[in-house]
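Coordinates in review
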Amino acid sequence: MLEFSRLGEQVFQGIAAAAGIARGKALLIERSERQVPRYDVSESDLPRELERFESALTATRRQIHETKRQVSEAMGADAAGIFDAHLLVLEDQTLVGEVTRLAESQRTNIDSIVEQVADKYVRTLSSLEDDYLRERAKDVRDVINRVLDNLLNRRHGAELAALREPCIIVAEDLAPSLTAQLRRDLVLGFATDIGSKTSHTAILARSLRLPAVVGLQTASRLMRTGQSVLLDGYNGLLILNPTDQALYEYGQVERRHFRFEERLHEVHDQPAITLDAHRITLSANLEQVAGVEAVQSSGAEGVGLFRTEFLFIKRHTTPTEQEQYEAYRQVAAALKPHPVVIRTLDLGGDKFVSHLEMPSELNPFLGWRAIRFCLQEEALFRSQLRAILRASAEGNVKMMYPMVCSVEELDAANALLDRCRIELRAEGVPFDESMEVGVMIEVPSAVMIADNLARRVKFFSLGTNDLIQYTLAVDRTNEKIAHLYSPTHPAIVRLIQLAVEAAHQHGIWVGVCGEMAGDPVLAPLLLGLGIDELSVAPPLVPRIKFLIRRLKLAEAQELADFALTSDSAGPTLERCQALARHAAPSLFDDGAQPADADPPRMEPRSSPTTPSVL
Ligand code: PEP
Ligand code: MG
């Protein structure tokens, strides 16, 4: 353990969200206010207000031209075409004229009038039948948001666009949409005041292999851009003004980890099999097409969860069916013959996209999210289902729906899927007629009707991140209650067992793709509860495999029996820690001990429920 009492050094304790160490200069991202203020202005202030509007329009025009140039360079002129539509919004004399007229008659600040006029335009355009005009509503919203950012000097994320040298991002919060756009070559890591291990920002950090610490409470308020910081993503620490001694000690820690990772690589081509020959499937989670290489090099047997929403979040427009098809096909082709489980869109909760006009909600995690959103936005859902079906022609695609709470939702989604199949057959477009369709089990109601769901699908994938938050009523992104977010709570253990039992009774396999699967302390418990597949962030694949290869299924089952009869989370967690540390001590001491060699094992037996490699 390192000492932190050195002069000038300040240590902030947060939550370790993504492993790794980064050192460098801090870049502080200011938080933007979402509310547009409204106040009266006098007649004499009117020219100044109109001038502010004019300057905001000019600045927005310049920014759009610049973004268009960058996108055009990176992705070609066609992809940049959307920005011509945005520039046209700025030239729309009816819109601009209405803002000016209302400013003169209402005498309120120009920002509130811009917001008011934009709302009216967006509402009118969104209610029209014509697809083209409805699309324009999104353009208007996007452009007006930029104008408002300029009027109100909202700079959230603007600092990132101007990034020129490597730095560590420090922010109160970082939206998943912003995190997905971080430049891996210039961002060394990030630290945020809010958030927890299972927030999507933390999940993305792991998939980008960026060291990250979240839940630092007030740290960002006490720091300035340019200050020297060290980020310890193993222990959840942010160190301001680290001394030379701290930098030296962390250099040593980093070298040890690096050597240990190299040793872990030895299990790369080995199966995830216990000492008593029980084999499970170990897959990886994927957030972006570019992450395929990391999946391949991790030694995972395919993708157990492809979070498709990041295809939507990283851009200014909704991807077309063709664009989605190309992305899904590319991933499936690259990982063949291993399976790729594509999850249909899970927007909402903490994942929003400006171009889809999702209203802000009081309880977004309980709101218009995932399958609920998709079933109401049928055209969008249909284009994704068609794209996934078309990609299934590769032969190794499976698909699953997120956040299903009832058989009605599952039946409605499957009915739409059937209609897409009929269309594609009529069009002569090939797809895999036997593509496996599964369902995520991530709300308690789904567990309680697991037998009804199991009759309708080919597999379950347990989304423990949400299952825990919905069962224990603990917001997964809120650092203040992170201590209540307890994967070993008896309610969670029993729900998992019920889901596994229902799946196996109906002869289908069941995996876990929540972060619980990638935690070496918790993976043995899942194994003991009868899980057939674990899907984890790519950097965690070697660790989990290393551990499984040192465990006995019988020990894991004993642990599960204990957890199922325990009346509280603490003793179960202690038993989990004891078993994992006993099986693979070198995983838990920062690599200080050399990783022991792969132990001998019994001959493998095959399990009928293990998901097949197609
Ligand atoms: C989960 O809820 O566990 C899950 C895997 O889905 P997500 O984290 O994307 O909500
Ligand atoms: Mg989920």
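Small disclaimer: the values here were computed from a predicted structure and weren't measured.

About the criteria used
What you see as residue numbers is a count from 1 along each chain, following the sequence as written. Numbering of ligands from 1 and lettering of chains from A proceed in the order in which they are written. Given that this is a predicted model, residues contribute local features only at a pLDDT of at least 70 and side-chain atom pairs are listed and counted only at 80 or more, while totals for whole chains, interfaces and linings are drawn from all residues. For the side-chain quantities, the full set of heavy atoms in the structure was used; hydrogens and water were omitted. For every residue, the predictor reports its confidence as pLDDT, a number between 0 and 100. A contact between two residues is defined here by any heavy atoms of the two lying within 4.5 Å. Metal donors: N, O and S atoms at distances within 2.8 Å, or within 3.2 Å for Na, K and Ca, with water omitted from the atom set so that some sites may seem incomplete. Here a strand is any run of E in DSSP of at least two residues, a helix any run of H or I of at least four, and the numbering for each starts at the N terminus. Three exposure classes are used, based on accessible area relative to the maximum for each residue type with a 1.4 Å probe and protein chains only: buried under 20%, partly exposed in between, and exposed over 50%. Think of each axis as a best-fit line through the C-alpha atoms, taken over the contacting stretch in the case of a helix, with angles from 0 to 180 degrees between the N-to-C directions. Here the angle decides the label: under 35 degrees means roughly parallel, over 145 means roughly antiparallel, 65 to 115 means roughly perpendicular, and every other value means oblique. Should the near helix be turned counterclockwise from the far one by less than a right angle, the crossing is left-handed, whereas a clockwise turn marks it as right-handed. Should a side-chain nitrogen of Lys or Arg be within 4 Å of a carboxyl oxygen of Asp or Glu, the pair is scored as a salt bridge. At least two DSSP bridges between two strands are needed for those strands to be called paired. To qualify as a nonpolar core, a set must consist of buried Ala, Val, Leu, Ile, Met, Phe, Trp, Tyr and Cys residues joined through side-chain atoms within 4.5 Å. Any residue with a non-hydrogen atom lying within 4 Å of a molecule or strand is treated as near it. Between N or O atoms, a polar contact is any pair within 3.5 Å; within protein, one atom must be a potential hydrogen donor and the other a potential acceptor, and residues adjacent in sequence are included only when both atoms are from side chains. To measure how exposed things are, a 1.4 Å probe is used in the Shrake-Rupley method; for residues, cover is taken only from the protein chains shown. The residue classification treats Ala, Val, Leu, Ile, Met, Phe, Trp, Tyr, Cys and Pro as nonpolar and Asp, Glu, Lys and Arg as charged. All others, Gly included, are polar.

1. Overview of the confidence of the model for the protein
For the protein, the average pLDDT comes to 89, and 90% of its residues sit at 70 or higher. Here residues 605–614 scores under 50 on pLDDT; set against residues more than four positions off or in separate chains, the count is 26 contacts.

2. Quick notes on the coordination of the magnesium ion (ligand 2)
Those donors, Glu442 (OE) and Asp466 (OD), are the protein atoms that reach the magnesium ion (ligand 2), and they lie 2.0 to 2.1 Å from it. With Glu442 in the loop between strand E14 (437–441) and helix H16 (444–448) and Asp466 in helix H18 (residues 464–472), this residue pair connects regions lying 24 residues apart in the sequence. Across this residue pair, the class does not change: Glu442 and Asp466 are buried.

3. Side note on the packing of H18 against helix H19 (residues 490–505)
Contact geometry of H18 with H19 gives a least axis separation of 10 Å together with a crossing angle of 125°. Between H18 and H19, the crossing angle belongs to the class labelled oblique. Like other packed secondary-structure pairs, H18 and H19 cross with a definite hand, here right-handed. On H19, the residues that touch Thr464, Leu467, Ile468, Thr471 and Leu472 of H18 are Ala491, Ile492, Leu495 and Ile496.

4. Quick look at the packing of helix H9 (residues 244–264) against helix H21 (residues 541–548)
Packed helix pairs are specified by the crossing angle of their axes together with the interaxial distance, meaning the distance between the axes. Where H9 meets H21, the axes come as close as 10 Å, and the angle between the chain directions of the two elements is 60°. In terms of crossing hand, the pair formed by H9 and H21 is left-handed. Between H9 and H21, the contacting residues are His257, Phe260, Glu261 and Leu264 on the first element and Pro542, Arg543 and Phe546 on the second.

5. Some points on the pattern of salt bridges
Opposite charge on two side chains lets them pair, provided their charged atoms get close. One pass over the structure, following the stated rule, counts 33 salt bridges. With a shortest N-O distance of 3.1 Å, Arg263 and Glu266 are connected by a salt bridge. Exposure remark for Arg263: the relative accessible area of 29% places this residue in the partly exposed category. Looking at Glu266, the relative accessible area reads 52%, which means it is exposed. Note that Glu423 and Arg386 form a salt bridge whose closest N and O atoms lie 2.7 Å from each other. Residue Glu423 is found in helix H15 (residues 407–427), and its partner Arg386 is found in helix H14 (residues 378–391); the two are separated by 37 residues along the sequence. By relative accessible area, which is 24% here, Glu423 ends up partly exposed.

6. Remarks on the pairing of strand E12 (residues 340–343)
Taking every second residue as pointing to the same face, both faces of E12 are buried, with Val340 and Ile342 on one and Val341 and Arg343 on the other. Note that strand E11 (residues 303–307) and E12 share 3 bridges and pair parallel. Residue Arg307 lies in a different strand from E12, and its bridge partner there is Arg343. Both E12 and strand E13 (residues 397–401) contribute to a ladder of 4 bridges, which runs parallel. Its bridge partner lying in E13, Arg343 is registered against Met400.

7. Thoughts on the nonpolar core
Counting residues in each nonpolar core, the largest one holds 119 residues, and the members touching the most others are Tyr401, Phe460 and Leu534. The greatest single-element share of this core, amounting to 8 residues, is contributed by H19. Not counting chain neighbours up to four residues away, the residues in contact with Tyr401 comprise Thr344, Ile371, Phe381, Leu385, Leu410, Ala413, Asn414, Leu417, Val437, Gly438, Val439 and Met440.

8. Regarding unusual backbone geometry
Peptide bonds are trans in most cases, and residues, glycine excluded, mostly fall at negative phi. Following Lys336, the chain continues into Pro337 via a peptide bond in cis, with omega recorded as 5°. Structurally, Pro337 can be placed in the loop between helix H12 (321–335) and E12. Phi at Arg107 takes a positive value of approximately 55°, unusual for a residue other than glycine. Among the structural elements, Arg107 can be located in the loop between helix H3 (93–106) and helix H4 (110–126). Given the relative accessible area of 31%, Arg107 is considered partly exposed. Here Ala473, not a glycine, exhibits a phi torsion of approximately 55°, which is positive. Following the sequence through the fold, Ala473 ends up in the loop between H18 and H19. By relative accessible area, which is 69% here, Ala473 ends up exposed.

9. Considering H18
Most of H18 sits out of view: 8 of its 9 residues are buried. Among the residues of H18, those classed as buried are Thr464, Asn465, Asp466, Leu467, Ile468, Gln469, Tyr470 and Leu472. Contact partners of the buried residues in H18: helix H8 (200–208), E11, H16, strand E15 (459–462), H19 and strand E16 (509–512). Looking one or two places after H18, you find Ala473, whose phi comes out positive at around 55°.

10. Side note on the sheet that holds strand E5 (residues 187–192)
Ordered by their spatial adjacency, 8 strands build an open sheet running E1-E8-E7-E3-E4-E5-E6-E2, and the pairing between neighbours is mixed. Each having just a single partner strand, strand E1 (10–13) and strand E2 (15–18) make up the two edges of the open sheet. The average angle at which neighbouring strand axes cross in this sheet is 30°, direction not considered. Examined bridge by bridge, strand E3 (residues 21–29) and strand E4 (residues 167–171) share 4 bridges and lie parallel to one another. Across the sheet, the residue bridging to Ile29 is Ala171, located in E4. With respect to the sheet, H8 is in contact with E2, E5 and strand E6 (212–214), its orientation differing from that of E2 by roughly 50°.

11. Overview of the site of ligand 1
Taken together, 17 residues surround ligand 1, and among them His200, Arg307, Arg343, Asn465 and Arg476 come closest. In the environment of ligand 1, an oxygen atom lies 2.8 Å from a nitrogen or oxygen atom belonging to the side chain of His200. Calculation on ligand 1 without its partners gives an accessible area of 290 Å², and the protein chains cover 100% of this total. Breaking the shell around ligand 1 down by element, the ones donating at least two residues are H8, E11 and H18. For the shell around ligand 1, the leading source of residues is H18, giving 3 residues. Grouping the amino acids of the shell around ligand 1 by side-chain chemistry returns 4 nonpolar, 5 polar and 8 charged.

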